[in-house]
Every structure is written in structure tokens, then in C-alpha cells.
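# Remarks on the overall topology
Residue-level listing of the chains:
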Amino acid sequence: MHEAKTEKIEDQKVLYLQSLGIDKKKAKRLIYMGFADDILKNFPPSYQMRIKKLLEIELEEIGGFG
């Protein structure tokens, strides 16, 4: 049940961002990385940059941004 709600919310956010002229891949990236930013703000800046880079690489590999 939780996954379905999460997916619906994500789809709505993606559609909203697309309506603003942002392509689907970039919209997903904004959503995922925005969520990560909320968590990473508690880490030192040097770790934040490294973790963000790793997240981007991992999500690209599994198709999270496309």
C-alpha cells in the first residue's frame, strides 16, 4: 500500500515539473536529490558532495533518472 501511494505522489510531482517544461529525467533527478538533500544536510559538506555523486551514479545505473 505504501509503495503505491509513494509512486502516485512521485508521478504527480513528475507531471507537475514536466508541465513547467522540465523533462522527465531531470524531474526525477530533482525529486530524488531533493529528498537526499534533506537527509544530507546533517553531514559535513565534504561528505555531502561525495554521497550526492555516488547517489547520482547509482541511480543512473539502475535507471532511476530515466
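Anything mentioned here points back to the structure above.
Throughout this document, residue positions are counted from 1 along each chain, in the order its sequence is written. Selection of residues for local features in this predicted model requires a pLDDT of at least 70, selection of side-chain atom pairs for listing and counting requires 80 or more, and totals for whole chains, interfaces and linings are taken over all residues. Each side-chain value is worked out from all heavy atoms of the structure, with water and hydrogens disregarded.

### Focus on the overall build of the chain
Note the cut-off: Numbered from the N terminus, helices here are DSSP runs of H or I no shorter than four residues, and strands are runs of E no shorter than two. Each residue is assigned to one of three classes by its accessible area relative to the maximum for its type, calculated with a 1.4 Å probe on protein chains only: buried under 20%, partly exposed between the two thresholds, exposed over 50%. Here the accessible surface of atoms and residues is derived via Shrake-Rupley with a 1.4 Å probe, and residues count as covered only by protein chains that are part of the display.
Looking only at helices and strands, one finds three helices and zero strands in the chain. Looking at the chain residue by residue over its 66 residues, the buried ones come to 21%. For the chain, the exposed surface amounts to about 5,400 Å²; the carbon and sulfur share of it is 60%.

### Some remarks on the pattern of salt bridges
For clarity, the threshold we go by: The salt bridge criterion pairs a side-chain nitrogen of Lys or Arg with a carboxyl oxygen of Asp or Glu, the two atoms within 4 Å.
Taken as a whole and assessed by the stated rule, the structure comprises three salt bridges. For the salt bridge of Asp37 with Lys52, the shortest nitrogen-to-oxygen distance reads 2.9 Å. Here Asp37, found in helix H2 (residues 24–40), pairs with Lys52, found in helix H3 (residues 45–62); they are 15 residues apart in sequence, far enough to count as distant. Its relative accessible area of 26% is what places Lys52 among the partly exposed residues.

### Remarks on the packing of H2 against H3
Note the cut-off: Helix axes are fitted to C-alpha atoms over the stretch in contact, other axes to C-alpha atoms as well, and angles between N-to-C directions run from 0 to 180 degrees. Less than a right angle of anticlockwise turn of the near helix away from the far helix marks a crossing as left-handed, whereas a clockwise turn marks it as right-handed. The contact criterion used throughout is that any non-hydrogen atoms of two residues lie within 4.5 Å. Lys, Arg, Asp and Glu make up the charged group, whereas Ala, Val, Leu, Ile, Met, Phe, Trp, Tyr, Cys and Pro make up the nonpolar group; the residues left over, Gly among them, are polar.
Following both chains from N to C, one finds H2 and H3 inclined at 145°, their axes separated by 11 Å at the closest point. Where H2 crosses over H3, the handedness of that crossing is right-handed. Listed contacts from H3 to Lys25, Arg29, Tyr32, Met33, Ala36, Asp37 and Leu40 of H2 are Gln48, Ile51, Lys52, Leu55, Glu56, Leu59 and Glu60. Across the contact of H2 with H3, the residue classes break down as seven nonpolar, one polar and six charged.

### So, H3
Note the threshold: Helix span is expected to be 1.5 Å times the residue number reduced by one. To obtain the arc, one takes the directions from the helix axis to the C-beta atoms.
Over its 18 residues, H3 extends 26 Å from the first C-alpha to the last, a length consistent with the 26 Å expected when each residue adds 1.5 Å. Among all positions in H3, only Gln48, Glu56 and Leu59 are buried. In a view along the axis of H3, the buried residues occupy a sector of 75°, so they form one face of it. Residues of H3 that are exposed and angled more than 90 degrees away from the buried face: Arg50, Lys53, Leu54, Glu61 and Ile62. Buried residues along H3 sit against H2.

### A closer look at the environment of Leu59
Along the chain, Leu59 falls in helix H3. For Leu59, a relative accessible area of 18% translates into the label buried.

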